[in-house]
Amino acid sequence: MTKPCIICVAITGSLPKKENNPAVPITVAEQVDSTQEAFEAGASIVHAHVRNDDETPSSDPEKFARLKEGLEKHCPGMIIQFSTGGRSGAGKARGGMLPLAPDMASLSVGSNNFPTRVYENPPDLVDWLAREMREHAVKPEIEAFDLSHIHQAAAMNRDGRIPGKLYVQFVMGVRNAMPVDKDVFDYYIKTVHRLAPGAEWCAAGIGQHQLTVNEWCIAAGGHTRTGLEDNIRLDSETLAPSNAALVKRATELCETYERPVATWQQAREILDLPLKAA
């Protein structure tokens, strides 16, 4: 199999803190440094959240602007993807950074259960976020927590609310949502191919499932996500020393399955994103 594998690194998220793993990057400077190491290790997409000084989640566009500036300077060509997830803000505040025109942004197209609450993505908010992404030429990455989300993303692609090549990520292992189940994983791939034949797909495994899902993706010809947002450990006894260490683990799996790791240029070509000078 020679198709290049895009590795996305989710550097921070909204939940892990320094007390959980000191390597979690919180400040903008830490995030830039951690992303640069991961970029050099083989990641071609960075999935980014921002935090307040007390480590709580933020949706402050000014913080996103400083992060984008630092990433463009130190990781030239890397695909910058901002989170519009519900843990960082409410309502339209979730898309307040989209006028900054990152390359990509996450888009959840339906609601589902999280460990202790409902992750609400009402249709009017989904349509507004998608419209903002179209207006600012931001490519959505569909975060599918449920089978219905794949069907909804395909419908939005057909009617133009999500234009261009669809990119769908299966999020597996969130408690009360999609389980880490190989039959489910295989069916989701089949569903994407059936509903959106030209689409690309990837998957993220949460916590202890990260390595398993990385391997499933790489073996099946898809793309994959790793990083401290989803998993802070190398194994049950060992904290991950960096985002780069988790990326390196994914690149080793690519070598095992004879998949080249996508360069940023290849990742942009695969996802129909414009090339930017390094």
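Residues numbered from 1 in each chain as written. Predicted model: local features only at pLDDT ≥ 70, side-chain atom pairs only at ≥ 80, totals over all residues. Heavy atoms only, no water.

Visitor: Where do I start with the pattern of salt bridges in this structure?
Guide: Any two side chains of opposite charge can pair, given that their charged atoms come close. Counted under the stated rule, the structure contains 13 salt bridges. Linking glutamate 200 and lysine 3 is a salt bridge whose minimum nitrogen-to-oxygen distance equals 2.8 Å. Of this pair, glutamate 200 sits in strand β11 (residues 200–205) while lysine 3 sits in the segment before β1 (7–10), placing them 197 residues apart in sequence. On the accessibility criterion, lysine 3 (33% relative accessible area) is partly exposed. Two residues, aspartate 186 and lysine 182, come together in a salt bridge whose shortest N-O distance is 2.9 Å. In this pair, aspartate 186 and lysine 182 are both assigned in helix α5 (residues 182–195), 4 residues apart and thus about one turn of the helix distant. Given the relative accessible area of 34%, aspartate 186 is considered partly exposed. On the accessibility criterion, lysine 182 (36% relative accessible area) is partly exposed. One connected set of salt bridges, linked through shared partners, spans Glu143, Arg225, Glu229 and Asp230. (Salt bridge = Lys/Arg side-chain N within 4 Å of Asp/Glu carboxyl O. Helix = DSSP H or I, 4+ residues; strand = E, 2+ residues; numbered from the N terminus. Buried < 20%, exposed > 50% of the residue type's maximum accessible area, 1.4 Å probe, protein only.)

Visitor: Would you mind showing me how to read the environment of glycine 164 here?
Guide: Looking at where glycine 164 falls in the secondary structure, it is placed in the loop between α4 (147–158) and β10 (167–172). Each C-alpha atom, one on glycine 164 and one on aspartate 272, is 8.1 Å from the other, the two residues being 108 residues apart in sequence.

Visitor: When you look at the nonpolar core in this model, what are you seeing that I'm missing?
Guide: If you look at soluble globular proteins, the nonpolar side chains tend to sit buried side by side. Formed by 59 residues in total, the largest nonpolar core has its most connected members in Val9, Leu107, Ile142, Leu166, Val168, Phe170 and Phe185. Considering each element in turn, this core owes the most residues, 6 residues, to helix α3 (residues 123–135). If we ignore the near neighbours within four places in the chain, the residues touching leucine 107 are Thr84, Val126, Leu129, Ala130, Met133, Pro140, Glu141, Ile142, Glu143 and Ile162. (Core = buried A, V, L, I, M, F, W, Y, C linked by side-chain atoms within 4.5 Å. Contact = heavy atoms within 4.5 Å.)

Visitor: Hey, could you run me through the pairing of strand β12 (residues 223–226) in this one?
Guide: Within a regular strand, side chains alternate between the sheet's two faces. Side chains His223 and Arg225 of β12 all project onto a buried face; the interleaved residues Thr224 and Thr226 project onto the opposite face, where all are buried too. Two elements, β1 and β12, share 3 bridges in a ladder whose sense is parallel. Considered in β12, the bridge of cysteine 8 is made with arginine 225. Bridging between β11 and β12 involves 2 bridges; their strand directions are parallel. Across the sheet, the residue bridging to cysteine 202 is histidine 223, located in β12. Following the backbone out of β11, through helix α6 (residues 210–220) and into the adjacent parallel β12, one traces a crossover that is right-handed. (Pairing = 2+ DSSP bridges. Right-handed = clockwise from strand over helix to strand, strands pointing away.)

Visitor: How should the state of the cysteines be read in this particular structure?
Guide: In protein chemistry, a disulfide is the covalent bond that joins the sulfur atoms of two cysteines. Enumeration over the complete set of coordinates arrives at 0 disulfides. Its sulfur unpaired, cysteine 202 is 6.9 Å from the next cysteine sulfur, which belongs to cysteine 217. Judged by relative accessible area, cysteine 202 falls into the buried class, the value being 1%. (Disulfide = S-S within 2.5 Å.)

Visitor: What am I meant to see in the sheet that holds β10 here?
Guide: Whenever strands of a sheet pair, they do so through backbone hydrogen bonds, lying parallel or antiparallel. Taken in spatial order, the 8 strands close into a barrel running β1-β2-β5-β6-β9-β10-β11-β12, and their pairing is parallel. Adjacent strand axes in the sheet meet at a mean angle of 25 degrees, parallel and antiparallel pairs treated alike. As paired strands, strand β6 (residues 104–107) and strand β9 (residues 139–144) are joined by 4 bridges and run parallel to one another. In the sheet register, alanine 105 faces β9, and the bridge partner there is proline 140. The sheet strands contacting α3 are β6 and β9, and the helix crosses β6 at an angle near 170 degrees. Relative to β12, α6 is tilted by about 165 degrees, and along the sheet it contacts β10, β11 and β12. (Axes fitted to C-alpha atoms, helices over the stretch in contact; angles between N-to-C directions.)

Visitor: Would you take a moment to explain the environment of leucine 15 for this structure?
Guide: Mapped onto the elements, leucine 15 comes out in the loop between β1 and α1 (28–41). Considered as a pair, leucine 15 and arginine 51 are 36 residues apart in the sequence and their alpha carbons are 9.9 Å apart.

Visitor: Help me out: how do you make sense of the packing of α4 against α5 in this one?
Guide: Two quantities define a packed helix pair, namely the angle between the helix axes and the distance between the axes. It is at 10 Å that the axes of α4 and α5 come closest, and there the two elements cross at 15 degrees. In terms of orientation, α4 lies roughly parallel with respect to α5. The two elements α4 and α5 meet at a crossing, and its hand is right-handed. Of α5, the residues touching α4 (which contributes Leu147, Ile150, His151, Ala154 and Arg158) are Tyr187, Tyr188, Thr191, Val192, Arg194 and Leu195. When grouped by side-chain class, the residues that make up the contact of α4 with α5 number 7 nonpolar, 2 polar and 2 charged. (Parallel < 35°, antiparallel > 145°, perpendicular 65-115°, else oblique. Left-handed = near helix turned anticlockwise from the far one by under 90°. Nonpolar A, V, L, I, M, F, W, Y, C, P; charged D, E, K, R; others polar.)

Visitor: What is the right way to look at the confidence of the model for the protein chain in this model?
Guide: Low pLDDT marks regions whose predicted coordinates should not be analysed in detail. On average, residues of the protein chain score 96 in pLDDT, and 99% of them reach the 70 mark or higher. In the model of the protein chain, strand β8 (residues 118–119) stands out as the element of lowest mean pLDDT, 94, in contrast to β1, which has the highest, 99. (pLDDT = per-residue confidence, 0-100.)

Visitor: Please explain the packing of α1 against helix α7 (residues 243–256) as it appears in this structure.
Guide: Look at α1 against α7: their axes get within 8 Å of each other, and the N-to-C directions meet at 15 degrees. On the basis of the axis angle, α1 is roughly parallel to α7. Read as a crossing pair, α1 and α7 show a hand that is right-handed. On α7, the residues touching Ser34, Glu37, Ala38 and Ala41 of α1 are Asn243, Ala244, Val247 and Thr251. Taken together, the residues of the contact of α1 with α7 sort by class into 4 nonpolar, 3 polar and 1 charged.

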